[in-house]
Structure formats: C-alpha cells, structure tokens
Amino acid sequence: MAAPIGIFLCRRNFSSTAGFPAAVFSIFRYKRHDDIGQRWRETGCSRRWFCHGHVPDFQPKRLNLEPDKKLATSAPIFRAVKFSADGRHTRFDIRKPALCQELGLQVRDLRFQQQTILQPRDTAIIIRMEEIKAIVSPDCVYILDHEEPRDQVLLDELKTQLEEDNSSPVAHLPLEFKGLEAILGYRISSLKKELDVLEPAILQVLTDLVEPSFMSLDRSKLRVLLQYRKSLTEFQTDVKEYVEVLTDILDYDESIEEMCLTDKITNSMSTSERDHLSHVDEMELLLENCLGRAEDIVNRVAEVKDLIEDSEQIIFMNLDSHRNVMMRLNVQLTMGTFSIALFGMLGTAFGMNLLSSLEEDPRAFWIVTGIMFAGCGLLWRRLLWFLGREVPPTRKWSWKNFKPSK
C-alpha cells in the first residue's frame, strides 16, 4: 500500500514538476516489500523535500558509465609458420605489433576484415583467401593462423616451391613469385576440388527429378536441390571475389609493378631495366594464369546453374501436364454426373406417387431404364467429343492482310 500512496501524493501535488518521473522510478526500482520511508531516510533528506521534486543525485548501477576495467588490452597473437628462401620453416607465436614492426607494416594492414585480399605494400604482400592468411616478403613467407590438417597441403606446396632444386618456371625468380604461385595455385586447386564434388551431386539430383518414369516429384530431392543451389551460389560468390581481386591488379600496370617487391626494395640499383621489365611480365603472366583458371571455374558454375534452370522448366512443364490431366478428368466426371442427373429425371418422375397406365405394363420398367442408360451414354459421349475437338487455328496476321484505312 505504501507505493500507491506515495505515487498518489506525488501525482496530486507535484505532477507538473520534473521530479515526478524520477520519484516514481526511485520507488519502483526496489522490491515491493521494502519500506519507502526507509528508502527516503537512506537518501538523507526529508519526505517533504523529496516530494517537492528534489530527487537525490544518485545513479542506478546499470547506468554506471565508468569504463570497464576488465577489457583486454593485449594485442592479438598469430600462430605463424615462417618459410625462408631455402624452404626451411619455423613455427612460433608472435603478436601483431611485433610482426608489423618486423615487416615494416601498419597495424591496420593485418586486420584481415575481408574474405579475399591481395594487397601489395612497400615491403610485403598481404594475402587473404578465405581461411588462408599469408604475408609474402622479399626474403620470407608467413602463413598465419594455420590449421594442421587443412593447410598441410599448402605448407607442403610452399616448401616444394621454395626448395633450391625446384624445376618450376619461377625457380629463377625472386621469392615473392614462388610464394604467390603456391598460395594462389592452392586456392584455385581447392576451389576446383570443391566444384568437382558439388557438380556431380547436383547433376544426379537433377537426373532423378526430371526422370519421366516418376509420376510425382520427391519433396526430399527438391529440398536437397535447394541446399545444393545455395551452396553453389556461395561458391560462385567466392570465385567471383577471387576473380575481382586479380582483375583489379591486372587492370593497372602500377599495381603489377608494386607486386615485384624485390625490384621495388632494391630501387633498381642492382637490377637492370631489362630484368625489371622481365619481372613485371612474369608477374603479369602469373596473375593471368591464375585468372584464367578461375574464369574456367566461373564458366563451369554458370553451366551448372543453367542446367538447374532448365531442369526447373522441365519440372514445371511436367507439373503442368499432370495438372492438365487432373483438370481433364475432373471435367469428364462432371459431364458424366450431368448426364446421369439429366436422365435421372425419368426415374424421379416414375417414383412419384401418381398413377398412370404404365404401372400395369410389365415392360415399362425395362424400357424406361434402357432409355435412361442409353441417353446418359449418348449425352456423355457427345460432351466428350465437344471437349476433345480441335479448335481451328486463328488466322495469322501478316503485312499482306494489312489494309490501311482510307
């Protein structure tokens, strides 16, 4: 009862004051069984002073604006694998500021916010391909936050590329060429393997759906096809992001030159102009090769999506055909019902309690029954003929039939 009385007093005497909402809030923020007078006494002010709209300067705990002292202030730690120029690698943990200081990068360069990144910097190339995070510098390659079962193929490929007895086309080129070829090639290979698994599964589901021997569609297969189509759309998005990243670099010659870290760092002091142009051409060929392989995957995905759309059209046509059969059967049954009802009027007439001379004739029942069945059959056949007759084609419009109005 104390809480309603306090609210009534404040509303009656000081409802227009600014302190009324705060007074109500201060009352109801405590439990109902608490004594309001005890709460007023805890504020150190009288009730009259409280009800005149003067609310003590206190703040609820949930509105405390002091900064949380428990927030972590430590920098993130990367689990890194460092490959040297001869293919040797070491595993260690390193903080982001230390890694930036070692490579001469900014902290914002290692945020990896986008799913697909290929950004050249002054001293390194920052790469992110979905789960792959890598930094390529002129003298070493870093693989960050790797997972052992998943990225072991990448680590083996990178080690093979960096070995001295390697016979690949980029063996005589600087380190960044070898690292880029290994990482970009691994990404393309993983995308191709994913498509090789997804494409046969989709084709098998489409084959089962468009099979003409099936009179009805299996809803479970439609659900599976929907899931496959979502996976294919996500896969297409990943491939397009990869293609866009490579296209953005190939569109500008300055970006290709920035990818040649060794020539940029040496500032062409020990590298001749001919070697520099050769390195730029090699980098362009390397990126174009990866771009061509990615475009082939994009074309395959487009073909699979076209097959899905064509199969959907076939499925819709099959459903329309079944729907037309059901509608035709419904019309035939309706015509038969109409024929029976029409000639059933004879039986209704003879079933009335009216006397006629036909009741005494022994052949009247069979004659009337025969007329009813024969009339129903003939009328039904006539209606079916009307339903199945071909509509004469309309006259097609042509310029020869066109007569200008006078």
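Residues numbered from 1 in each chain as written. Predicted model: local features only at pLDDT ≥ 70, side-chain atom pairs only at ≥ 80, totals over all residues. Heavy atoms only, no water.

The secondary structure content of the chain amounts to twelve helices and six strands. Here the chain holds 406 residues, and 31% of them are scored as buried. Considering only residue pairs separated by 6 or more positions, the chain has 62% of its internal contacts joining residues 24 or more positions apart. Split by element, the accessible area of the chain, about 27700 Å² in all, is 56% carbon and sulfur. (Helix = DSSP H or I, 4+ residues; strand = E, 2+ residues; numbered from the N terminus. Buried < 20%, exposed > 50% of the residue type's maximum accessible area, 1.4 Å probe, protein only. Contact = heavy atoms within 4.5 Å. Areas by Shrake-Rupley, 256 points an atom, 1.4 Å probe, with all protein chains shown as cover.)

Even without glycine at this site, phenylalanine 112 takes up a positive phi of about 55°. Mapped onto the elements of the fold, phenylalanine 112 is located in the loop between helix H5 (96–103) and strand S3 (116–120). Its identity is not glycine, yet glutamate 130 carries a phi of approximately 60°, on the positive side. Within the fold, glutamate 130 resides in the loop between strand S4 (125–129) and strand S5 (132–136). Taking the relative accessible area as the measure of exposure, glutamate 130 reaches 17% and is therefore buried.

Right, let's talk about the nonpolar core for a bit. Formed by 57 residues in total, the largest nonpolar core has its most connected members in Leu118, Ile127, Ile143 and Met283. For this core, the element with the most residues is helix H7 (residues 175–209), which contributes 15 residues. Ignoring sequence-local partners within four residues, the contact set of isoleucine 127 consists of Phe112, Ile117, Leu118, Ile132, Lys133, Ala134, Val136, Leu180 and Ile183. Grouped together as the second largest cluster of nonpolar side chains are 15 residues, Phe78, Ile126, Cys140 and Tyr142 included. (Core = buried A, V, L, I, M, F, W, Y, C linked by side-chain atoms within 4.5 Å.)

The strands that make up a sheet pair up through hydrogen bonds in the backbone, lying either parallel or antiparallel. The strand order across the open sheet built from six strands is S2-S1-S6-S5-S4-S3, with neighbouring strands paired in antiparallel fashion. In this open sheet, the two strands that pair with only one neighbour each are strand S2 (89–95) and S3. Within the sheet, the average angular offset between the axes of one strand and its neighbour, ignoring direction, is 20°. Sitting on the sheet, H5 is in contact with strand S1 (77–84), S2, S5 and strand S6 (140–144), with an inclination near 120° to S2. Packing against the sheet, helix H8 (residues 219–250) makes contact with S3 and S4, and its axis sits at approximately 15° to S3. (Pairing = 2+ DSSP bridges. Axes fitted to C-alpha atoms, helices over the stretch in contact; angles between N-to-C directions.)

Another point: the environment of leucine 154. Mapped onto the elements, leucine 154 comes out in helix H6 (residues 148–162). Sequence separation between leucine 154 and isoleucine 183 is 29 residues; the distance between their C-alpha atoms is 7.0 Å. When near neighbours in sequence (up to four residues on either side) are disregarded, leucine 154 contacts Ile132, Ile143, Ala182, Ile183 and Tyr186.

Opposite charge on two side chains permits them to pair, given that their charged atoms come into close proximity. In this structure the tally under the stated criterion is eleven salt bridges. Between lysine 221 and aspartate 208 there is a salt bridge whose closest N-O contact spans 3.4 Å. Residue lysine 221 is located in helix H8, and its partner aspartate 208 is located in helix H7; the two are separated by 13 residues in the primary sequence. Exposure remark for lysine 221: the relative accessible area of 27% places this residue in the partly exposed category. Salt-bridge contacts for arginine 323 lead to aspartate 320; the nearest nitrogen and oxygen are separated by 2.5 Å. Taken together, the positions of arginine 323 and aspartate 320, both in helix H11 (residues 273–350) and three residues apart, correspond to about one turn of that helix. (Salt bridge = Lys/Arg side-chain N within 4 Å of Asp/Glu carboxyl O.)

We now examine a nonpolar patch on the surface. There is a patch of nonpolar side chains on the surface, built from Leu346, Phe350, Leu358, Ile367 and Ile371 and spanning about 430 Å² of accessible area. Of all elements in the fold, only H11 and helix H12 (364–388) reach the threshold of two or more residues within the nonpolar patch. With respect to the helices and strands, leucine 358 occurs in the loop between H11 and H12. Residue class for leucine 358 comes out partly exposed when judged on its relative accessible area of 41%. (Patch = residues over 30% accessible without salt bridge, like charges linked within 9 Å, V, L, I, M, F, W, Y side chains within 5 Å.)

Our focus in this paragraph is a negative patch on the surface. On the surface, a cluster of negative charge is contributed by Asp122, Asp253, Glu254, Glu257 and Glu258. Mapping glutamate 254 onto the fold places it in helix H9 (residues 253–259). (Lys, Arg positive; Asp, Glu negative; His and termini not counted. Charge placed at Lys NZ, Arg CZ, Asp CG, Glu CD.)

The subject of this paragraph is the packing of H7 against H8. Running from N to C, H7 and H8 point in directions that differ by 155°, and their axes come no closer than 10 Å. Considering the angle they form, H7 stands roughly antiparallel to H8. Relative to H8, the crossing made by H7 is left-handed. Residue composition of the contact of H7 with H8, grouped by class: 19 nonpolar, one polar and five charged. (Parallel < 35°, antiparallel > 145°, perpendicular 65-115°, else oblique. Left-handed = near helix turned anticlockwise from the far one by under 90°. Nonpolar A, V, L, I, M, F, W, Y, C, P; charged D, E, K, R; others polar.)

To continue, consider the side chain of arginine 128. Structurally, arginine 128 can be placed in strand S4. It turns out arginine 128 is buried and unbridged, and the closest side chain with the opposite charge, glutamate 130, is 6.2 Å from it. Here the side chain of arginine 128 touches phenylalanine 112 through a polar contact of 2.5 Å, landing on its backbone oxygen. Side-chain polar atoms of arginine 128 contact the backbone oxygen of glutamate 130, separated by 2.8 Å. (Polar contact = N/O pair within 3.5 Å; in protein donor to acceptor, adjacent residues only side chain to side chain.)

Before going further, it helps to examine the confidence of the model for the chain. Any region with low pLDDT has predicted coordinates that should not be read closely. For the chain, the mean per-residue pLDDT works out to 75, and 71% of the residues sit at or above 70. Segment residues 1–25 is flagged for pLDDT under 50; beyond a separation of four residues in sequence, or across chains, it makes 22 contacts in the model. Note that residues 27–36 has pLDDT below 50 and, in this model, ten contacts with residues that lie over four places away or in other chains. (pLDDT = per-residue confidence, 0-100.)

Turning our attention to the pairing of S3. Burial analysis of S3 places four of its five residues in the buried class, the great majority of the element. Counting the residues that bridge the hairpin from S3 to S4 gives four residues.

Turning our eyes to something else, we now look at H8. The terminal C-alpha atoms of H8, which comprises 32 residues, lie 46 Å apart, in line with the 46 Å expected from a rise of 1.5 Å per residue. Buried residues of H8: Leu225, Leu232, Phe235, Gln236, Val239, Tyr242, Val243, Val245, Leu246, Ile249 and Leu250, and no others. (Expected span 1.5 Å × (residues − 1).)

Here S1 pairs with S2 via seven bridges, running antiparallel. Its bridge partner being in S2, lysine 82 is matched across the sheet by threonine 90.

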